Amino acid sequence: MAEGKRDIVDILKAIDRRIIFLLIALAVILPLVFHLVFSVHSSPIVEAIFDKIESLPPGSKVILSFDYGPSTVPENQPMAEAVARHVLHKDLKLYMMAVWATGPPQTEVLIANVIETDFPEKVYGEDWINLGYKAGNQGLINAILLDLKGMYTTDIHGTSIDEFEMMKDVDNLTDMSLILCIGSGFPGMREWVQFAGDPGDIPVAGGVTAVEAPLLYPYYPRQLLGLMGGLQGAAEYEAALVTKYPQYKASSEQAIQLMGPQTVAHLVIIAFVVVGNIAFFAERRRDRRRKA
Amino acid sequence: MAHTIELWIAALLTFMIFSFLYKDNPFYKFAEHLFVGVSAAYWMVIGIWSTLMPNLVARLWPSSVSGFINMPEDAQPEYHFIIPAIFGILMLTRLIDRISWLSRWAMAFVIGFAAGTNFTRYLQSDFVGQIYNSMLPIIVKADGGIAVGAAISSIVLMVGVICALIYFFFSKEHTGAFGAASRLGIWFLMVTFGAAFGYTVMARISLLTGRVQFLGEWLTSIF
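Residues numbered from 1 in each chain as written. Chains lettered and ligands numbered in written order. Predicted model: local features only at pLDDT ≥ 70, side-chain atom pairs only at ≥ 80, totals over all residues. Heavy atoms only, no water.

Some details on the overall build of chain B
Quick note on the threshold: Secondary structure is summarised from DSSP: a helix means a run of H or I of at least four residues, a strand means a run of E of at least two, and numbering begins at the N terminus for each. For the radius of gyration, the atoms used are the C-alpha atoms, and the globule rule reads 2.2 Å times the number of residues raised to 0.38. Burial here depends on accessible area, computed with a 1.4 Å probe over protein chains only, as a share of the maximum for the residue type. Under 20% is buried, over 50% is exposed, and the range in between is partly exposed. Two residues qualify as a contact provided that any one of their heavy atoms is within 4.5 Å of a heavy atom in the partner residue. Calculation of accessible area relied on Shrake-Rupley with a 1.4 Å probe; when residues are assessed, cover is drawn exclusively from the protein chains displayed. Charge assignment: positive for Lys and Arg, negative for Asp and Glu; neither His nor the chain ends contribute. Here the site of a charge means atom NZ of a Lys, CZ of an Arg, CG of an Asp or CD of a Glu.
In terms of regular secondary structure, chain B is built from 7 helices and 2 strands. Start at the N end of chain B and walk to the C end: the helices and strands fall as α-α-α-α-α-β-β-α-α. Scaling as 2.2 N^0.38, a compact globule of 223 residues should have a C-alpha radius of gyration of about 17 Å, whereas chain B reaches 28 Å, well beyond that. In chain B, which comprises 223 residues, the share counted as buried stands at 25%. Taking the intrachain contacts of chain B between residues at least 6 apart in sequence as the baseline, contacts between residues at least 24 apart amount to 24%. Accessible surface computed for chain B: about 15700 Å², of which carbon and sulfur atoms make up 74%. Averaging the positions of the 12 positive and the 11 negative side-chain charges in chain B gives two centres separated by 12 Å.

Put into structure tokens, the structure is as follows:
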């Protein structure tokens, strides 16, 4: 091939990165516009959480920690809402708290979307409680493992903790049947395993952002009961929930709906990876021929 | 009305940040600086009202903050909290060169506490716990037979752990069978990195989807 004439390899190498951005944007926007939804089936690691909540007798205590902020809401909020809906449906006691300062606003969103919408009959202080945020990171988890009321003297609204029915037989985390952490970093799921699950022999499960998920798989299944990894994990839990309880189909399919754009965007990225590799090998072959 | 204004501000800031994908520009810079400033202010306020006030001021002088923060009405002063108050003040001496060495005492306390607290937990959960997690039966029995899938999974885990450990063992030259195991270890590491990359892509696309969904809500509010 004559020098100066551009072949397919040169064209592929010179693709403007903005074209890639545009195609990714289209891959996300078009499935959202056309409501493209794929079927989702839950995997054993997600089913383990669902089955655990299913198996708990009514009145069992479940703590749900909001260890994330607004930046990861698309991944974490569907997880939190799906498990909270399941916990309340099974008549379990829901204790909500946050190790992250950005957690309480997400708790408020959950209260509006789940409790006030689907469970208006549930009574605050008897069926669910919001303990709010406390500073201390893993030190807080370490402290409430031994003395929860010592750290949480009031709920988020300033009412003395002793005034609530569901707090009367709670001294520390070992009174909980299950710890659920919805997290996106430090402190989060790993700290709940290290400072509560392992030393207190309390089942720990929950969901994390996809970036963090690979770091937590080594804890499964002996130290971590189950794990929702990213949006896919949230969608799998929603699938398990709506399969068993179809009445939540309208309210608990946030992640399932977002998996449409996710899948299309992944296909586009895979196509780019394939094209990039073809260009790489084609260039190598061309260079070899030129040298020969 | 207030919600509409919030939606417009959030939508415009989203577009300002996205404009960086085309090229760096003053709109992106404005949004970036605004984010840094608001974040710094937010965390300062959180630090004062979630840490300093309830954990120090309310303990030493409860009556002074009883109307501002959540605390029991009958709270009594706990004078031993003067010790962390002194350590906190010592930390601030870093700002004065002449006596900045005093801050090392506070730092020593923080580092000592963190090391002591974390050491035992990491040792139990991440070291001993992970070794225990890696010891799985190679022959897995289920329903009177052998669970082939679980058995293969256990073998892959065992081979992966051993080969990856061999790759990081530098006291013996990586030749012969040892070298082959080391190379296999690299393959396992590459698969791990690939899986982590895949998950990272999923996370970023999820965030993009969330933003696009928000912009859709904003557009819906207009039309």
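A short note on the overall build of chain A
Within chain A one finds 11 helices and 6 strands. C-alpha atoms of chain A, sized along the principal axes, occupy 85 × 40 × 30 Å. Taken over 292 residues, chain A has a buried fraction of 52%. Pairs at least 24 apart in sequence give 76% of the contacts found in chain A among residues at least 6 apart. Element-wise, carbon and sulfur atoms account for 59% of the exposed surface of chain A, whose accessible area totals about 12400 Å².

Concerning the interface of chain B and chain A
Note the cut-off: We define buried area as the total accessible area lost by two parts upon association, computed with a 1.4 Å probe and summed across both. We define a salt bridge as a side-chain nitrogen of Lys or Arg found within 4 Å of a carboxyl oxygen belonging to Asp or Glu. Think of a polar contact as two N or O atoms within 3.5 Å of one another; within protein, one of them needs to be a possible hydrogen donor and the other a possible acceptor, and neighboring residues in sequence only count if both atoms come from side chains. For this classification, Asp, Glu, Lys and Arg are treated as charged, while Ala, Val, Leu, Ile, Met, Phe, Trp, Tyr, Cys and Pro are nonpolar and the rest, including Gly, are polar.
On the chain A side, the residues contacting the 39 residues of chain B number 49 residues. Here chain B and chain A share an interface that buries about 3700 Å² over both sides, 62% of which is from carbon and sulfur atoms. Joining chain B to chain A, the criterion identifies 1 salt bridge. The salt bridge partner of Arg190(A) is Asp126(B), with a shortest N-O separation of 3.3 Å. At the surface where chain B touches chain A, the tally comes to 16 residue pairs in polar contact (both at pLDDT 80 or more). With 15 residues, the single largest contributor to the side of chain B that touches chain A is helix 7 (residues 176–222) of chain B. Per-class residue counts for the side of chain B that touches chain A are 20 nonpolar, 16 polar and 3 charged.

Digging into the packing of aromatic side chains
Formally: Working definition: rings of Phe, Tyr and Trp (its six-membered ring) pair if their centres are within 6.5 Å, and the pair is stacked with planes under 30 degrees apart, edge-to-face with planes over 60 apart, and tilted otherwise. Definition used: whenever NZ (Lys) or CZ (Arg) falls within 6 Å of the ring centre and also within 35 degrees of the ring normal, the charge is taken to sit over that ring.
In total, this model carries 16 aromatic pairs over all chains according to the counting rule given. Taking 6.0 Å as the distance between ring centres and 45 degrees as the angle between the ring planes, the aromatic pair formed by Phe119(A) and Tyr248(A) counts as tilted. One end of the pair, Phe119(A), is in the loop between helix 5 (103–118) and strand 3 (128–133); the other, Tyr248(A), is in the loop between helix 10 (230–244) and helix 11 (254–291), with 129 residues separating them in the sequence. With 5.6 Å between their ring centres and 85 degrees between their planes, Tyr42(B) and Trp43(B) make a pair best called edge-to-face. What links up through ring pairs into an aromatic cluster is the set Phe119(A), Tyr245(A) and Tyr248(A). Its guanidinium or amino end placed over the ring of Tyr132(B), Arg222(A) lies 4.2 Å from that ring's centre, counting from NZ or CZ.

Notes on the side chain of Ser65(A)
Residues and elements named next belong to chain A. Tracing the sequence through the fold places Ser65 in strand 1 (residues 61–67). Only 2.6 Å separates the side chain of Ser65 from the side chain of Asp67, close enough to count as a polar contact. Excluding residues within four positions of it along the chain, Ser65 makes contact with Met97, Ala98, Val99, Leu180, Cys181, Ile182 and Trp192.

Description of the layout of surface pockets
In plain terms, the rule: With a 1 Å grid spanning the protein atoms alone, the term cavity applies to any set of points in which a 1.4 Å probe fits but cannot get out, the term pocket to an open set with protein on both sides within 12 Å along at least five of seven lines, and the term lining residue to any residue with an atom within 4 Å of a point. Grid points are joined across faces, edges and corners, and a volume is the space filled by probe spheres set on the points.
In this structure, the largest pocket occupies an estimated 2100 Å³ of space. Surrounding the largest pocket, 46 residues form its lining, Pro70(A), Ser71(A), Val73(A), Ala10(B) and Arg211(B) being those nearest its centre. Per-class residue counts for the lining of the largest pocket are 24 nonpolar, 15 polar and 7 charged. For the second largest pocket, the calculated volume is near 1600 Å³. When residues of the lining of the second largest pocket are traced back to their parent elements, those giving at least two are helix 9 (213–216) of chain A together with helix 5 (103–134), helix 6 (148–167) and helix 7 of chain B. Of the residues contributing to the lining of the second largest pocket, the split by class is 25 nonpolar, 8 polar and 1 charged.

Points about a nonpolar patch on the surface
Residues and elements named next belong to chain A. Convention followed: Surface patches are defined over residues having more than 30% relative accessible area and no salt bridge, joining like charges when they lie within 9 Å and nonpolar side chains (Val, Leu, Ile, Met, Phe, Trp, Tyr) when within 5 Å.
Taken together, the side chains of Ile15, Ile19, Leu22, Leu23, Leu26, Ile29, Leu30, Val33 and Phe34 define a hydrophobic patch exposed on the protein surface, amounting to about 810 Å² of accessible area. In this structure, Ile19 sits in helix 2 (residues 17–33). The partly exposed category is assigned to Ile19, whose relative accessible area is 45%.

Let's talk about the pairing of strand 2 (residues 93–98) of chain A
Residue and element names in this part refer to chain A. For the record, the criterion: At least two DSSP bridges between two strands are required for those strands to pair. Handedness of a crossover: with both strands directed away from the viewer, a clockwise path from the first strand across the helix to the second marks it as right-handed.
Along strand 2, 5 of the 6 residues are buried, which leaves the element largely enclosed by surrounding structure. Of the strand pairs in this sheet, strand 1 and strand 2 are connected by 5 bridges, and their pairing is parallel. Bridge pairing in strand 2 places Leu64 opposite Met96. Handedness of the crossover joining strand 1 and strand 2 through helix 4 (residues 73–89): right-handed. As a crossover connection, the stretch from strand 2 through helix 5 into strand 3 is right-handed.

Description of the pattern of salt bridges
Residue and element names in this part refer to chain A. Taken as a whole, this structure holds 17 salt bridges over all chains when the rule is applied. Linking Asp16 and Arg18 is a salt bridge whose minimum nitrogen-to-oxygen distance equals 3.1 Å. Taking relative accessible area as the criterion, Asp16 reaches 31% and is therefore assigned partly exposed. According to the relative accessible area criterion, Arg18 is partly exposed, its value standing at 31%. One salt-bridge network, held together by shared partners, links Asp7, Asp10, Arg286 and Asp287.

Overview of the environment of Ala84(A)
Residue and element names in this part refer to chain A. Along the chain, the position of Ala84 falls in helix 4. Separated by 126 residues in the primary sequence, Ala84 and Ala210 have C-alpha atoms spaced 20 Å apart. When sequence neighbours within four positions are dropped, the list of residues in contact with Ala84 reads Leu64, Leu94, Leu110 and Val114.

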